[in-house]
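Summary of structural features
Each chain is listed here by its residues.
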Amino acid sequence: MTQSLTMPNPAQAFRIESLQWPDDWPSIKRLLEAEDWPFVQADLDVSHCQPHAVGLVAREPESQTLAGFFVAHHFGSVGYFDMMIVDEPYRRTKLATRLAYETHRALTAHHMRGFVAHSTVDSFDVFRFFGYERGIDFTLMRREPISGEVQPHADPRDALLTPSIEELIALDTEVFGQSRTDWIHALAAQPTTHFAGIRVNGRLAAAACLRQRREGAFCLDAINGFEFTHIQSLLESILAFHRNVRLECFARTDSDLHRWLAHQGWFMPDFFSKIGPLVEWRKGDTAGVGDSPHIRSLNWF
């Protein structure tokens with residue numbers, strides 16, 4: 001808490017308003033960077049453009065400072081709590097609980113029948129308070145650029161197989177358990193996001209999404225497939241092409257993907273070791289959505 005603040009305002013003193021996108025991005029960026037999260041504007045873009053997306057912000061009543069935000073979207077009838085941060089000076093005000101309640105109410109108005117969230121140790125209590133059940137968890141893994149390897153900038157689509165949108169949607173639906181047409185179309189439309197895949201006997205057997213993050217890093221996301229041998233072959237090609245950039249991945253803890261990344265020299269960043277793992281919380285009717293044993297990466301946001 002900064003020395004200029006004596007007592008944080010109670011949660012009810014804050015004005016809860018709709019997110020003004022992209023005008024609120026600079027304030028959200030400040031909060032993300034303060035927590036060392038590598039997310040960028042494109043990550044919130046894809047969430048905010050979904051059909052029933054919800055974005056709420058809390059403003060300090062006197063200074064109008066953005067004290068916290070909560071964004072959410074949905075897949076089918078399952079609402080997903082995408083991202084939430086409350087600025088450090090206001091964390092004892094129960095503002096996180098109020099934002100969660102208002103976001104939950106907004107999603108319920110869109111007829112969601114189930115809810116999923118992922119949280120660090122800082123926000124476990126919020127979801128316990130609302131009766132969510134704890135499930136699997138994910139570990140952020142990182143690989144730094146390999147020293148001595150300098151490559152000219154190149155478009156990965158020149159060297160890696162880019163599956164068709166139809167192929168990507170079909171495989172994602174099989175693995176995730178819910179069609180996410182709008183989501184994949186939104187990702188594919190981003191110039192900083194690329195899909196790569198590998199075909200076996202003419203069929204897309206594995207796919208991954210590369211999403212650009214802070215400082216030129218890429219996150220491996222939506223790593224889909226049924227046979228890990230196919231996924232491994234794809235990842236080996238991706239890693240070989242991206243030797244000169246930082247790579248990150250939220251891998252399902254203790255999965256074959258997590259173990260393989262660790263064997264390749266990937267590690268957990270220091271900041272994440274203090275707040276991780278990223279725990280999945282569920283409530284209501286969520287069965288069959290994002291809960292199969294073939295879920296290897298965190299691909300909800």
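In this text, all values refer to a predicted model and were calculated from it rather than measured experimentally.

Some remarks on helix H1 (residues 25-34)
Every buried residue of H1 is listed here: Trp25, Ile28, Leu31 and Leu32. Viewed end-on, H1 has its buried residues packed into an arc of 125 degrees, placing them on one side of the element. In H1, the exposed residues that point more than 90 degrees away from the buried face are Pro26 and Ala34. Note on H1: the residue one or two positions beyond its end, Asp36, has a positive phi of about 70 degrees.

Quick notes on the environment of Ala170
Of note, Ala170 is situated in helix H5 (residues 165-176). Counting along the chain gives 34 residues from Ala170 to Leu204, while the straight-line C-alpha distance between them is 9.2 Å.

Thoughts on the nonpolar core
Counting 46 residues, the largest nonpolar core has Ile28, Leu32, Trp37, Phe69, Phe250, Phe272 and Trp300 as the members making the most contacts within it. Broken down by element, the residue count for this core peaks at five residues, all from H5. Residues contacting Ile28, with those up to four places away along its chain left out, are Leu19, Trp21, Leu44 and Phe69. Of all hydrophobic cores here, the second largest spans 25 residues; its members include Phe81, Ala96, Phe115 and Trp281.

What about the packing of aromatic side chains?
Aromatic ring pairs are reported here in terms of the distance separating the ring centres and the angle at which the planes meet. Tallied over the entire structure, the rule returns 24 aromatic pairs. Between the aromatic rings of Trp37 and Phe271, the centroid separation amounts to 5.6 Å while the plane-to-plane angle is 85 degrees, which identifies the pairing as edge-to-face. Remark: Phe271 occurs in helix H9 (residues 270-275) and Trp37 occurs in the loop between H1 and helix H2 (41-48); sequence separation between them is 234 residues. The residues Trp37 and Phe271 share a single accessibility class, namely buried. Aromatic pair Phe39 and Phe250: ring centres 6.3 Å apart, planes at 10 degrees, arrangement stacked. One end of the pair, Phe39, is in the loop between H1 and H2; the other, Phe250, is in strand E10 (residues 247-252), and 211 residues separate them in sequence. For the pair Phe39 and Phe250, a shared accessibility class is recorded, and that class is buried. Within the aromatic cluster, the residues linked to one another by ring pairs are Trp37, Phe39, Phe75, Tyr80, Phe176, Trp183, Phe250, Phe271, Phe272, Trp300 and Phe301. Seen from the ring of Phe75, Arg180 lies directly overhead, with NZ or CZ sitting 4.7 Å from the centre.

Cut-offs and rules
Residues numbered from 1 in each chain as written. Predicted model: local features only at pLDDT ≥ 70, side-chain atom pairs only at ≥ 80, totals over all residues. Heavy atoms only, no water. Buried < 20%, exposed > 50% of the residue type's maximum accessible area, 1.4 Å probe, protein only. Helix = DSSP H or I, 4+ residues; strand = E, 2+ residues; numbered from the N terminus. Arc of directions from axis to C-beta. Core = buried A, V, L, I, M, F, W, Y, C linked by side-chain atoms within 4.5 Å. Contact = heavy atoms within 4.5 Å. Phe/Tyr/Trp six-rings, centres within 6.5 Å; stacked < 30°, edge-to-face > 60°. Lys NZ or Arg CZ within 6 Å of the ring centre and 35° of its normal.

Note that all results are geometric; they support no functional claim without further evidence.
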